[in-house]
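Structural features, examined
Letter by letter, the chains look like this.
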Amino acid sequence: MKITVAGATGVIGTRLSENLRQSGHQVAAASLSLGVDTITGKGLDAALAGAEVIVDVTNAASFGDRSALDFFRASTRNLLAAAAEAGVNHYLALSVVGTPRLVESDYFRAKMVQENLIRASKRHYTILRSTQFYEFISGLIDTGADGDVFRLPPAFMKPVAAGDVAALLAELVMGAPFNDVAEISGPEQFGIDEIARIYLAANEDERQVVTDPSASYFGVELTDDALLPGAGARVATEKLSDWLYQSMGE
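Presented here is a report on the structure given in the accompanying data block. (Residues numbered from 1 in each chain as written. Predicted model: local features only at pLDDT ≥ 70, side-chain atom pairs only at ≥ 80, totals over all residues. Heavy atoms only, no water.)

Ordered in space as β2-β1-β3-β4-β5-β9-β12, the 7 strands form an open sheet in which the pairing is parallel. Each edge of the sheet is formed by a strand with only one pairing partner; in this case those strands are β2 (26-30) and β12 (234-235). Relative to strand β4 (residues 90-96), strand β3 (residues 53-56) runs parallel, the two sharing 4 bridges. Residue pairing in the sheet places I54 in a bridge with Y91 of β4. Its contacts with the sheet put helix α1 (residues 11-22) on β1 (2-6), β2, β3 and β4, and the angle it makes with β1 is roughly 170°. Against the sheet, helix α6 (residues 162-174) makes contact with β1, β3, β4, β5 (125-130), β9 (180-185) and β12, and its axis sits at roughly 165° relative to β5, the strand it touches most. (Pairing = 2+ DSSP bridges. Helix = DSSP H or I, 4+ residues; strand = E, 2+ residues; numbered from the N terminus. Contact = heavy atoms within 4.5 Å. Axes fitted to C-alpha atoms, helices over the stretch in contact; angles between N-to-C directions.)

In structure tokens:
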């Protein structure tokens, strides 16, 4: 099977492409660094020619302003048009748990637009919403930087390893489109402030975390459960402690 991975050189795209190749599939890797521009459409027709499935794991370069909305609107429209032209059977896209509840944030509003464009396209689709990746915890902590401390909210999250997300995407590629949303999370629940303390301690970083319920998350204040998945979510297996142990050794 030929599968086009849009965003193939990112955290998820790299892992997904490798998984698919190891399973014997032909992967067309589409990313800006490989000459495929989803914003202008350059290279898309060639990347999608003969593909049965497209996996959209593209992401905006900026999370905190209108550029995310401009990116997802243009990129998703171009990918959907190219998929229709190529007769692609299944549009599989990665989104974020909590998106519909967080549309006051520029980034989550942009993700909601992406999801709505996919639904409105009349193409067979699956949208997989994931919780925050372990790999992005450092960046999440940095959003709360305030001098020598980090101000972070106590809202709950169930972070997940990028490898587990890529594995589920590879599984979904093989199945029939859901024409609906699926979710994946990690196996453990933490407060954002709590996970920051764990991560900093593991990295021998002595800076302090201040719990601040009013601290924003990508521009929006969180309720306790805004980032938690629904009851039917796939629960991945890799625990934070195992991921930290592995990542510290790399």
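Below, the discussion takes up the layout of surface pockets. In this structure, the largest pocket spans a volume of roughly 770 Å³. Around the largest pocket, the lining is made up of 39 residues, and of these V57, T58, N59, Y107 and F136 lie nearest the centre. (1 Å grid on protein atoms, 1.4 Å probe; cavity = no way out; pocket = protein on both sides within 12 Å on 5 of 7 lines; lining within 4 Å. Points joined across faces, edges and corners; volume = space filled by probe spheres on them.)

Attention now moves to the pairing of β2. Two faces make up the sheet, and in a regular strand the side chains alternate between them. Taken together, the 5 bridges between β1 and β2 define a ladder with parallel strand orientation. Paired with K2 across the two strands is Q26, which belongs to β2.

Bringing helix α4 (residues 106-120) into the picture now. Spanning 15 residues, α4 covers 21 Å between terminal C-alpha atoms, matching the ideal 21 Å at 1.5 Å per step. Of the surrounding secondary structure, the elements contacted by the buried residues of α4 are β3, α3 (67-86), β4 and β5. For α4, the N-terminal cap is S105; the gap from its side-chain oxygen to the backbone nitrogen of Y107 is 3.2 Å. Of the residues one or two after α4, K122 is the one with positive phi, at around 65°. (Expected span 1.5 Å × (residues − 1). Polar contact = N/O pair within 3.5 Å; in protein donor to acceptor, adjacent residues only side chain to side chain.)

Let's shift gears to the packing of helix α7 (residues 192-202) against helix α8 (residues 240-248). The relative placement of two packed helices comes down to the angle between their axes together with the axis-to-axis distance. Taken N-terminus to C-terminus, the directions of α7 and α8 make an angle of 30°; their axes are 11 Å apart at the nearest point. Classified by the interaxial angle, the pair formed by α7 and α8 is roughly parallel. Like other packed secondary-structure pairs, α7 and α8 cross with a definite hand, here right-handed. Across from I195, I198, Y199 and A202 in α7, the residues of α8 making contact are L240, W243, L244 and M248. Considered class by class, the residues forming the contact of α7 with α8 number 8 nonpolar, no polar and no charged. (Parallel < 35°, antiparallel > 145°, perpendicular 65-115°, else oblique. Left-handed = near helix turned anticlockwise from the far one by under 90°. Nonpolar A, V, L, I, M, F, W, Y, C, P; charged D, E, K, R; others polar.)

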